[in-house]
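Structural overview for review
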Amino acid sequence: MEILNRLRNLDAYPKINEDFYHRTLSGSLITIVSSVVMLFLFLWEIRMYLYSATETKLIVDNSRGEILRINFDVTFPSLPCSLLSVDTMDISGERHYDIRHDIVKIRMDHLGNVIESKQDGVGAPKIERPLQRHGGRLDHNESYCGSCYGAEVSDDDCCNSCEEVRAAYQKKGWALTNPDLIDQCKREGFIGKIKEEEGEGCNINGFLEVSRVAGNFHFAPGKSFHGSYSFLQDLLGIQTDNYNISHTINKLSFGKEFPGVVNPLDGVKWIHKTTSGMYQYFIKVVPTIYTDIRGHKIHSNQFSVTEHFRDADVYPKPPPGVYFIYDFSPIKVIFTEENASLLHLFTNACAIIGGVFTVAGMIDAFVYHGHRAIKKKMELGKHT
C-alpha cells in the first residue's frame, strides 16, 4: 500500500471534485472556438499528409552528349507558310536548314481561321513534260535531267526539282531571285503557291532534336541558306524586305513536361510595329530532374528568358525573323516528391491539440479573472 501511495503522489493530473467546477458562458464560447480551430488544423494536417511535398536540391550538371528536344507551337499572323522556314545551328558547327520533318504548318486567314494543314512544304502536281538540261522537253523513254541554271558543279549534275535548284544555288552562295524563270519551280507551282498565300498567316508546330550545346533555332521568312559562316536569307525576289514578324508563342518547352513546370514564353504575343527586323529571345536552359512519389524520374528542363528587338534600319542590317538563342546553366535542379511519415502526422496532431488547449486555457483564465475583478469593483461601489 505504501508503494501505491507513493505512485499516487506522482499523478500529474490530479482530479478535482465536480462541486468545485464553475462553468461560465465565456468558457463555453472559447471551448467551441478552440474546437473549431483544432478541427481545421487537424484537417489541414491530414491534407498535407495525403499530398506529397516537393524537396528541391541543386547540383553541378556534369551530363554530356545528350540530345535536347525543343517543342514549339508558334503563330505568325502575317507570314505565309510557303515563305516560313525553320533552321538550327550550334557552337559545334552543326547546322540544319529549312527543317521539315516532325513539323506541321497550318495555313490561316487574316481572321485566324484554319485554311489547310500539312506536314510537307510547298508542292503541286508536276506537268508531264519537264524541260531538259539541253533545252528540249522530256520525251518518252528518256531519263529526266533538269538544268541547274549555271549552278552545276560538273557536267553530270542534274536539278530535277525547285528544291534541288535552290540547293545548288545555296552551294554557290547565290540568291534565288528569279524563281518565276526556273522551270522546276514553275512546274511545282512554287510561285503560284506563294502568290496564292499572300496575306495569309501560318501556325507552325512540332519539335526539334538538337545536340545539348549552346546554339539557336529560328523562324525566318524566305528559304535560309549558309554563306560566309553566317545565316543569310534567300528572299526569293517575290516580296519586299518589309516582313511583318508579329508572332504569338502558344507553346515553347525544352524536354518533357513535369508537374509544376512553368514555361515563361507560353502565351507570349508580340506585335511588329516597324518595317522589319530581328526579334531575339535569349534563353538560359536549366537541366531538371523530377522524381515522383513512385520513384519515376523525368529528365527535362526549365528556362528563363530575356528578349530584344533589332530594327532593320541599323547597319549591318539584320536578317528578318524570330531567333531563339539558348545556352545551358551549369547547375542542375532536382525535384523529389516526398510524403510525410505517420509519426510526423501523429506528432503534429498532438501539438495542435495541446497548443490550442493551452492557449484557450490562458484566454479563458484572463477573461474569467477580468470578469471577476470587474464584478468585485461593482460590488464595492455599491457598498460605498
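Residues numbered from 1 in each chain as written. Predicted model: local features only at pLDDT ≥ 70, side-chain atom pairs only at ≥ 80, totals over all residues. Heavy atoms only, no water.

1. What to know about the environment of K332
Where we set the bar: Only DSSP runs of H or I reaching four residues or more are called helices, and only runs of E reaching two or more are called strands; each is numbered from the N terminus. Whether a residue is buried, partly exposed or exposed follows from its accessible area with a 1.4 Å probe, protein chains only, as a fraction of its type maximum: under 20%, in between, or over 50%, in that order. Whether two residues are in contact is decided by their heavy atoms: any pair within 4.5 Å suffices. Any N or O atom pair separated by 3.5 Å or less is treated as a polar contact, with the protein-specific requirement of one donor-capable and one acceptor-capable atom, and with residues adjacent in sequence counted only for side-chain atom pairs.
With respect to the element layout, K332 can be found in strand β16 (residues 331-338). By relative accessible area, K332 is classed as buried at 12%. When the C-alpha positions of K332 and D61 are compared, they lie 5.0 Å apart, and in sequence the two are 271 residues distant. Residues in contact with K332, not counting those within four places in the same chain, are K57, L58, I59, D61, S63, P287, T288 and I289. A distance of 3.4 Å separates the side chain of K332 from the side chain of D61, its partner in a polar contact.

2. Quick notes on the layout of surface pockets
Worth spelling out the cut-off: Only protein atoms enter the calculation, which uses a 1 Å grid: trapped sets of points that fit a 1.4 Å probe without letting it out are cavities, open sets showing protein on both sides within 12 Å along at least five of seven lines are pockets, and any residue with an atom within 4 Å of a point is a lining residue. Grid points are joined across faces, edges and corners, and a volume is the space filled by probe spheres set on the points. Only Asp, Glu, Lys and Arg are considered charged in this grouping, and only Ala, Val, Leu, Ile, Met, Phe, Trp, Tyr, Cys and Pro are considered nonpolar; every other residue, Gly among them, is considered polar.
Its volume calculated, the second largest pocket comes out at about 270 Å³. Lining the second largest pocket we find 18 residues, and of these E66, R212, H299, S300 and N301 sit closest to its centre. Considering every element that reaches the lining of the second largest pocket, the biggest residue donor is strand β14 (residues 297-311), with five residues. Along the lines of polarity and charge, the residues of the lining of the second largest pocket split into five nonpolar, six polar and seven charged.

3. Observations concerning the pattern of salt bridges
Quick note on the threshold: We count a salt bridge whenever a side-chain nitrogen from Lys or Arg sits within 4 Å of a carboxyl oxygen from Asp or Glu.
All told, the structure shown has six salt bridges when counted by the stated rule. What emerges from the salt-bridge pattern is a single network uniting K251, E257 and D266.

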